[in-house]
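# An overview of the molecular structure
This is what each chain is made of:
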Amino acid sequence: VLLALPQNIIADKVGPHALGIAAALCLIGAGVVGVAADVLSCFPLLLLARIFNGCGQSLWQMSRVLILARAPSKIRATAMATVGGMQRLGSLICPMLGSALALHFTIYGVFVAQILLGFMVLLLAVLPVLLPETTKLVPRFVLGSGVKSADKQTSVRGTLRCAVRNWRDFATAEL
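Presented here is a report on the structure given in the accompanying data block. These figures come from a predicted structure and were not determined experimentally.

On a plain count of helices and strands, the chain comes out with five helices and zero strands. For the chain, the sequential pattern of α-helices and β-strands runs α-α-α-α-α. With an accessible surface of roughly 11,100 Å², the chain has 73% of that area assigned to carbon and sulfur atoms.

Let's shift gears to the side chain of Asn-53. Along the chain, Asn-53 turns up in helix H3 (residues 43-70). Given a relative accessible area of 16%, Asn-53 falls into the buried group. Residues within four places of Asn-53 in sequence aside, it is in contact with Ala-30 and Gln-114.

Generally speaking, nonpolar side chains in soluble globular proteins are found buried as a group. Formed by Ala-11, Leu-19, Ala-23, Cys-26, Leu-59, Met-62 and Leu-66, the largest nonpolar core amounts to seven residues. Those elements giving two or more residues to this core turn out to be helix H2 (16-40) and H3. Those residues in contact with Leu-19 that sit more than four places away from it in its chain are Gln-7, Ile-10, Ala-11, Leu-59, Met-62, Ser-63 and Leu-66.

A contiguous nonpolar patch, built from Met-86, Leu-89, Leu-92, Ile-93, Met-96 and Leu-97 and spanning about 600 Å² of accessible area, is present on the exposed surface. Mapping Met-96 onto the fold places it in helix H4 (residues 76-130).

The end-to-end C-alpha separation of H2 is 36 Å, in line with the 36 Å expected for 25 residues at 1.5 Å each. Count one or two residues on from H2 and you reach Ser-41, which has phi positive near 50°.

Procedures and definitions
Residues numbered from 1 in each chain as written. Predicted model: local features only at pLDDT ≥ 70, side-chain atom pairs only at ≥ 80, totals over all residues. Heavy atoms only, no water. Helix = DSSP H or I, 4+ residues; strand = E, 2+ residues; numbered from the N terminus. Areas by Shrake-Rupley, 256 points an atom, 1.4 Å probe, with all protein chains shown as cover. Buried < 20%, exposed > 50% of the residue type's maximum accessible area, 1.4 Å probe, protein only. Contact = heavy atoms within 4.5 Å. Core = buried A, V, L, I, M, F, W, Y, C linked by side-chain atoms within 4.5 Å. Patch = residues over 30% accessible without salt bridge, like charges linked within 9 Å, V, L, I, M, F, W, Y side chains within 5 Å. Salt bridge = Lys/Arg side-chain N within 4 Å of Asp/Glu carboxyl O. Expected span 1.5 Å × (residues − 1).

Given below as C-alpha cells:
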C-alpha cells in the first residue's frame with residue numbers, strides 16, 4: 001500500500017522496467033539478509049529478509065501490471081496469458097524446489113538460490129538499458145518513459161482515480 005504511489009511515480013518518470021530492476025535488487029537483498037539470518041541464527045534478520053521480499057513482490061507486480069496495460073490491444077490477451085502462466089508455473093514449481101534445497105542445504109541454500117536468481121533477473125532487466133541494441137528483442141510498449149502516452153495518462157492519476165471510485169473496497173483501491 002505504501003509503495004503504490006511512489007512506484008507509479010517512478011514508472012511514469014523512468015518506465016516500468018525501473019520497477020523490474022528495483023524488484024531484482026530487493027530479491028538479491030532479501031537473499032543476502034536471509035543468508036545472514038541463517039548464519040547468525042537471528043530471527044529479526046529473517047523478518048527483514050521477508051520485508052525485502054515483500055517489497056520486491058510489490059514492485060514486480062506493479063511493473064507487470066503497467067507493462068500489460070501498455071500492451072497493444074491486439075496482443076494484450078496473449079501477453080497477459082504468457083505473464084500469468086509463467087507466474088503460475090513459478091508458484092507451482094518453486095515451493096518444491098525450495099523444499100528440496102532446504103532439505104539438502106538447509107535454509108541457507110534457498111537464500112543462495114534467491115541471490116543467484118536475483119542476479120539473473122537483474123541482468124535481464126538491465127540489459128536493454130546498458131545495451132540499447134538488445135532492445136530489438138523487447139517489444140516497444142515495454143520500453144519508454146512510463147505509461148505516459150499521447151493521451152497523457154499516468155499511472156498515478158489512474159491509481160488515485162481507482163481509489164476514489166472504489167473507496168469502499170480497500171483491496172481494489174490499493175489501500
